[in-house]
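Breakdown of the fold
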Amino acid sequence: MASEKNGTLRTAPAGQGTNTHSRTYLAWLAFAEDKAALFSLVFLLIVALMAAFAPYVSPHDPYEAVNSLRNAPPGSGDFLLGADSNGRDILTRLIYGGRISLVVGFAPTFLAMVISLVLGLTAGYFGGWIDQAIMRTLDVLFAFPLVLLAIAIAGMLNPGVDTEIVAITVVLVPYISRIVRTSTISVTAQPYIEAARAGGAGQWAIVSRYVLPNMISPVIVYTTTLVGLMIVVASGLSFLGLGVQAPAADWGSMVSEGRVVLRKAPHVTVFPGLLIVAVSLAFNYIGDGLRDALDPKAIRR
Amino acid sequence: MAEPILQVQGLRTHFTTRQGVIKAVDGLSFNLEAGKTLCIVGESGSGKTVSSLSIMRLVDLPGRIVEGQILYRDTDLLKLDEAEMEKIRGDRIGMVFQDPMASLNPAFRIGDQIAEGILIHQEVDKAEARKRTLELLAQVGIPHPEARYGDYPHQFSGGMRQRVLIASAIACRPDILIADEPTTALDVTIQAQILKLLKEVQRNLNSAMILVTHDLGVVAAMADYVMVMYAGRMVEYADVETIFAQPRHPYTRGLLESLIRLEDTRETELAPIPGMPPDLSRLPAGCSFAPRCPAAIETCGARYPALQDISGGHQVACHLVADLAPAVDETVP
Amino acid sequence: MGRQIITRLAAVIPILFGVSIFIFMLMHLAPGDVTDALLGPMATGDAKEKLRKAMGLDRPLVFQYLTWMGNILQGDFGVSVHTKRAVSEVVLPRFGNTVILALASLLLALSVGFFVGMYAAAKSYSTFDRVSMSLTLMLGSTPPYWLALLLVLMFSLKLRWFPATGMTSILGDGGLMDIARHLVLPAIATAAAPAAIITRMVRSTMLEVLSQGYIRVARAKGVSQRAILWKHALRNALPPIATISGLQLGFLLGGALFTEVIFAWPGLGNQLYYSIVARDVVVVQAAVLVIALAFVLVNLAVDILNAFLDPRVRKV
């Protein structure tokens, strides 16, 4: 009942008969038409599934070092992408590394989105001094260059995956909160919010049933495009040794390990970097595809 | 009849989109003489604006003029290269647009925006261009031109901005003035002033004017000739008296009836003609108006009616022209 | 106009105050103790306690903050826990080196981003546009440290065109040419991602402006395509371009940390990294503070510049 009400409200001018389900379906159709986005989605699913089932799909053990194969180039024996300076299979380590790299790119963005929804909705919906207090505090975080702030926070805590997640979450909150607040303000100004208020709906009901569903799309689009960037930032923290600790590795720390043997064995550095670029790029394409699918104003030629 | 200054022949402007080819203007022909005003009337999406932009060759991609001839004196504008067309725009043909709030560059002083056209087209120095701009500002009724020359657009009201834009459009004394719904965005009280000003400058320059509008009141006040457009095509064309006295196309009649109904002040129906304008990428096989036409017969759904001249330049595209002849026609000696 | 500037300046003061509190808190929330770093794991609790007292760490936090802030306002950033040198002596010259790298990179990113973006907007949906948009998307997704390593691999190790490291002292005897040679690769690596973002920004802003009504009016006046682009459109696209470019400086400073580490460029980012590793809190505090200050001031400058460009603000 509630969702049906929302659906008709949202599509008020175009009209009757559309419900939330068909809207989602239409958005999916528009998204599926974007070949780059669709391809990216498939690619990411494959990468994620391989990481999830790493023990079953990896050709080797990620920590098994074969001395004779140190720095072996791609195609040596059954080491498809070669071995690192310890003689470990790079492909296997990439698959296992995906577990950390994907999590440290995805988890903080999601966490930051949840925190930002609370902060941004509160600030945008209630306005006044609450708004001022929240936004002025976030302005302080805006004063720091994003990557440097993440490095400083991660650097001050004990290195590790959890540190990485905390650091990236903190630097993202001001950015997403600002978007949430802006969308909230524009949605709150709509006549149907006034109508809901006049109809006696409580604050919580208005926010959860009318404001949130109507402002979530731009926030999701924005957050998705951030995941790509955060994969890069997180890999940077690992590269600096502030994230995951050896012998475990993610893609960023694998690049760092390869640095020492850059001349002798460039593939150790090149492959993990390529994967970071590909995954980050895929998130960007998906973000673009989502934006076009969810935003009817963005008409492409 | 004087030699026409503008002759449009078989103009087709299409937009290629993912949804298919939208035939915004599909085979438009008309002539216009100096000193005369042609009003193009129709609902939004009927192709009136695209027609006027096509004459200026200002249709943006994905729109393209695919066919036709636009003769200004002896020059086919569609055969000119972009640089040659730039010499015509703003010099021989001036244009006033719909939304004065968006039509002035917010970053430049209004005087400079008018003078720019003069400096492009005429071999004068800056001082002379400034002098002429001040004269133009006075001519279009901007008080204290000297003081206002250096002001920015945000310091002007909508009506004043439209005056500035008219000044800019007539800066080089064009032979043809195109005005695309010049008063739609303005207050009712300002509308009459702007129309009066347009008429005045047209008379001074003896230029031909094309006035795009959906307001039949404006037509009655301004037009010498009227062209009614529907779904990218001309459905009726005549001088203004004929259009109001003896409309022959069912669509024109519908438009006029809605006007009369409104004047009755009895709020009967606000929607003038039942139904919606057709999707221009999926036009019906026959007459585009047939689905909404109260008088449609079987033929109407089968093929598009040819434009026929029924008397002294009165052109109508309708299969039922003969049947719908008004009674007054027969009584005229 | 003057009031606009004063309002903006005034808005910066509470932010800088907040920044200093945030940095101070961050360093105190950090697990472990400075004394561990100083005295090593073998130190007795007694010795640590003595040192804490000597450093004023037993005082209330508010007092510690005020002392720290007061000293900084007098130009005293404290003494490095690690090297025992005055932090200002370390941080300020290092900051100068970072400015050199940042300026070179910003110049590169701005000029590439601006011209490619302008051209892509002028020829929108052309092959050039499509290719440059794909390339910039890819470049924007490339980790700066990885790109730096690829550049080293290609141009230092294989082709031997440029040195990979060795920029020890800017004021050494190599002169300007030496600096330039050492600057090329780090500047490219640092500039790549910001250049990509600026390109896309310039393009989308220009397309947005080009779709405005006044552009059509200008064309109707007979203004040439070139003048439309470079005069009418650019003048209105400039403020948002300047704003984003200012924000890119933050991105660029982040990237610079990686390139400084990889190319051993003696900048503040490099210093920050090694101080983090050494847990030299005093230096980290100072370095982060200086960077944040620079970032805030640059964006303030862009803000004021935009106010000058906007007739609505200027004329009031």
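Residues numbered from 1 in each chain as written. Chains lettered and ligands numbered in written order. Predicted model: local features only at pLDDT ≥ 70, side-chain atom pairs only at ≥ 80, totals over all residues.

1. Quick notes on the overall build of chain B
Of the regular secondary structure elements, chain B holds 13 helices and 12 strands. Against the compact-globule benchmark of 20 Å for 333 residues, chain B has a radius of gyration of 21 Å, which places it among compact chains. Considered along the principal axes of its C-alpha atoms, chain B spans approximately 65 × 45 × 45 Å. Across chain B, contacts joining residues at least 24 apart in sequence account for 64% of those joining residues at least 6 apart. (Helix = DSSP H or I, 4+ residues; strand = E, 2+ residues; numbered from the N terminus. Rg over C-alpha atoms; globule rule 2.2 N^0.38 Å. Contact = placed C-beta atoms within 7 Å.)

2. A few points about the overall build of chain A
Along its length, chain A carries 12 helices and zero strands. Its helices and strands in sequence order give chain A the pattern α-α-α-α-α-α-α-α-α-α-α-α, from N to C terminus. Across the 301 residues of chain A, 46% fall into the buried class. Here the analysis covers contacts within chain A between residues at least 6 apart in sequence; of these, 67% occur between residues at least 24 apart. (Buried ≥ 20, exposed ≤ 12 C-beta atoms within 10 Å, placed from the backbone.)

3. What about the domain arrangement of chain B?
Residue and element names in this part refer to chain B. Looking at the assigned domains, one finds that chain B contains domain 1 (6-223) and domain 2 (230-317). Distance between the C-alpha centres of domain 1 and domain 2: 27 Å. Of the residues lining the interface, 20 residues belong to domain 1; the matching set on domain 2 comes to 15 residues. At the level of secondary structure, the elements contributing two or more residues to the side of domain 1 that touches domain 2 comprise β2 (20-32) and α9 (216-222). Partitioning the side of domain 1 that touches domain 2 into residue classes produces 10 nonpolar, seven polar and three charged. (Domains from an automatic or database assignment. Nonpolar A, V, L, I, M, F, W, Y, C, P; charged D, E, K, R; others polar.)

4. Focus on unusual backbone geometry
A positive phi angle is found at B:A231, which is not glycine, with a value near 50°. Among the structural elements, B:A231 can be located in the loop between β9 (225-230) and β10 (233-239). Here the phi dihedral of C:Y125 falls at roughly 70°; this positive angle occurs in a residue that is not glycine. Relative to the helices and strands, C:Y125 resides in the loop between α5 (87-122) and α6 (127-140).

5. Thoughts on the sheet that holds β2(B)
Hydrogen bonding along the main chain pairs the strands of a sheet, whether they run parallel or antiparallel. All names here are of chain B. In space, the four strands of this open sheet follow the order β2-β1-β4-β5, with antiparallel pairing throughout. The strands lining the two open edges of the sheet, one partner per strand, are β2 and β5 (75-76). For strand β1 (residues 6-17) and β2, the ladder comprises 10 bridges, and the chain directions are antiparallel. Each bridged residue has a counterpart across the sheet, and for T17 the counterpart in β2 is G20. Across the face of the sheet, helix α1 (residues 48-56) comes into contact with β1, β2 and β4 (63-72) while running at roughly 70° to β2. (Pairing = 2+ DSSP bridges. Axes fitted to C-alpha atoms, helices over the stretch in contact; angles between N-to-C directions.)

6. Comments concerning the nonpolar core
Residues A:A150, A:I151, B:V226, B:M227, C:V91, C:A148 and C:A287 are the most contacted members of the largest nonpolar core, which totals 256 residues. With sequence-adjacent residues up to four places away left out, B:V226 is seen in contact with B:C39, B:V41, B:V219, B:A238, B:V240 and B:I243. (Core = buried A, V, L, I, M, F, W, Y, C linked by C-beta atoms within 7 Å.)

7. Thoughts on the sheet that holds strand β6 (residues 93-96) of chain B
Residues and elements named next belong to chain B. Read across the open sheet, the eight strands follow the order β6-β7-β8-β3-β9-β10-β12-β11; overall the sheet is mixed. One side of each edge strand has no neighbouring strand; the edge strands of this open sheet are β6 and β11 (307-311). The average angle at which neighbouring strand axes cross in this sheet is 20°, direction not considered. Note that β6 and strand β7 (residues 176-180) share four bridges and pair parallel. Within β7, the position partnered with V96 by the bridge is A179. Relative to the sheet, α1 contacts β3 (37-41), β6, β7, β8 (208-213) and β9, its axis offset from that of β7 by approximately 145°.

8. A short note on helix α4 (residues 110-121) of chain B
All names here are of chain B. α4 sits mainly inside the fold: 10 of its 12 residues count as buried. Looking only at α4, the buried set comprises I110, G111, Q113, I114, A115, E116, G117, I118, I120 and H121. Those residues of α4 that are buried are in contact with α5 (126-139) and α7 (158-169).

9. Comments concerning the interface of chain C and chain B
Residue-level contacts link 19 residues of chain C with 25 residues of chain B. Secondary-structure elements contributing two or more residues to the side of chain C that touches chain B are α9 (213-220), α10 (225-263) and α13 (311-314) of chain C. Per element, the largest residue contribution to the side of chain C that touches chain B is seven residues, and it comes from α9(C). Its residues placed into classes, the side of chain C that touches chain B shows six nonpolar, seven polar and six charged.

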